[in-house]
Amino acid sequence: MLLRCFALPILILVHCISCHANDWAKGYLKKRGLSDEVAAHYSLGYAPDSWRPLAQSFAPYPSEALVNSGMVIEKDGSHYDRFRHRIMFPIRNSSGQVIGFGGRVLDDSKPKYLNSPDTPLFDKGKNLYGLYEARAAVKEAGRILVVEGYMDVVALAQFGIG
């Protein structure tokens with residue numbers, strides 16, 4: 001059930017970055033030197049600057065699965081989406097299924113990066129961002145270069161590494 005919970009958000013977030021209303025998000029990626037092809041390869045997306053955009057696509061909202069996946073937070077009896085106004089980096093398992101997200105703010109908000117919480121599917125200490133996307137390059141090279149951040153991974157991919 002949790003795996004299905006990530007399938008629709010990835011489609012929504014990737015669609016959101018391609019919308020004309022999100023020129024700021026596209027501009028940020030262009031400013032960082034990322035091509036549309038690399039952004040598409042990594043399924044980069046955008047979480048709108050709103051408290052409940054997932055409510056437009058999920059019924060009922062909130063659902064137990066959305067809360068258990070960490071996509072929606074419950075606080076004091078109300079619910080809201082975890083990620084807002086962020087470039088979204090889907091984190092995949094070795095089979096290519098989205099199991100979590102990392103999000104980077106587009107302004108000076110804190111925290112700069114926000115990750116999905118640990119769930120039965122996602123353990124940040126046991127999953128390496130970009131490993132699924134780089135599997136062919138790793139196999140061909142016989143080695144792997146590990147870098148710290150999501151943007152580091154996609155920036156290297158922009159230059160043909162990974």
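The rules we used
Residues numbered from 1 in each chain as written. Predicted model: local features only at pLDDT ≥ 70, side-chain atom pairs only at ≥ 80, totals over all residues. Heavy atoms only, no water. Salt bridge = Lys/Arg side-chain N within 4 Å of Asp/Glu carboxyl O. Buried < 20%, exposed > 50% of the residue type's maximum accessible area, 1.4 Å probe, protein only. Patch = residues over 30% accessible without salt bridge, like charges linked within 9 Å, V, L, I, M, F, W, Y side chains within 5 Å. Areas by Shrake-Rupley, 256 points an atom, 1.4 Å probe, with all protein chains shown as cover. Helix = DSSP H or I, 4+ residues; strand = E, 2+ residues; numbered from the N terminus. Phe/Tyr/Trp six-rings, centres within 6.5 Å; stacked < 30°, edge-to-face > 60°.

Here's the deal with the pattern of salt bridges
Argument step 1. As enumerated under the stated definition, the model contains 2 salt bridges in all.
Argument step 2. Lys30 serves as the salt-bridge partner of Asp36, at 2.9 Å between the closest nitrogen and oxygen.
Argument step 3. According to the relative accessible area criterion, Asp36 is exposed, its value standing at 52%.
Argument step 4. For Lys30, a relative accessible area of 46% puts it in the partly exposed group.
Argument step 5. A salt bridge links Glu133 to Arg92; its shortest N-O distance comes to 3.1 Å.

A closer look at a nonpolar patch on the surface
Argument step 1. A grouping of Leu128, Leu131, Ile144 and Val146 is seen on the molecular surface, where their side chains present a nonpolar patch of about 330 Å² in accessible area.
Argument step 2. Locating Ile144 in the fold gives a position in the loop between helix H5 (135-141) and helix H6 (150-158).

Here's the deal with the packing of aromatic side chains
Argument step 1. Per the counting criterion, the structure on display carries 7 aromatic pairs.
Argument step 2. For the ring pair Phe83 and Phe101, a centre distance of 6.3 Å and an interplane angle of 65° mean the geometry is edge-to-face. Linking Phe83 in the loop between strand S3 (78-81) and strand S4 (86-92) with Phe101 in strand S5 (residues 98-105), this pair joins segments that are 18 residues apart in sequence. Both residues of the pair, Phe83 and Phe101, belong to the buried class.
Argument step 3. Note on Phe89 and Tyr150: the rings are 5.1 Å apart at their centroids and 15° apart in plane angle, and the pair reads as stacked. With Phe89 in strand S4 and Tyr150 in helix H6, the pair connects residues that are 61 residues apart, well separated along the chain.

Remarks on unusual backbone geometry
Keep in mind that most residues, glycine aside, have a negative phi and that most peptide bonds are trans.
Argument step 1. Cis peptide bonds are those with omega within 30 degrees of zero, and the linkage from Ala59 to Pro60 qualifies with 0°.
Argument step 2. Mapped onto the secondary structure, Pro60 falls in the loop between strand S1 (45-47) and helix H4 (64-69).
Argument step 3. Cis geometry is adopted by the peptide bond preceding Pro62, which originates at Tyr61 and carries an omega value of -5°.
Argument step 4. We note that Ser43 has phi near 55°; this positive angle belongs to a residue other than glycine.
Argument step 5. If you trace the backbone, Ser43 turns up in the loop between helix H3 (36-41) and S1.
Argument step 6. Given a relative accessible area of 15%, Ser43 falls into the buried group.
Argument step 7. Despite not being glycine, Asp76 has its phi angle at roughly 50°, a positive value.
Argument step 8. Counting through the fold element by element, Asp76 comes out in the loop between strand S2 (72-75) and S3.

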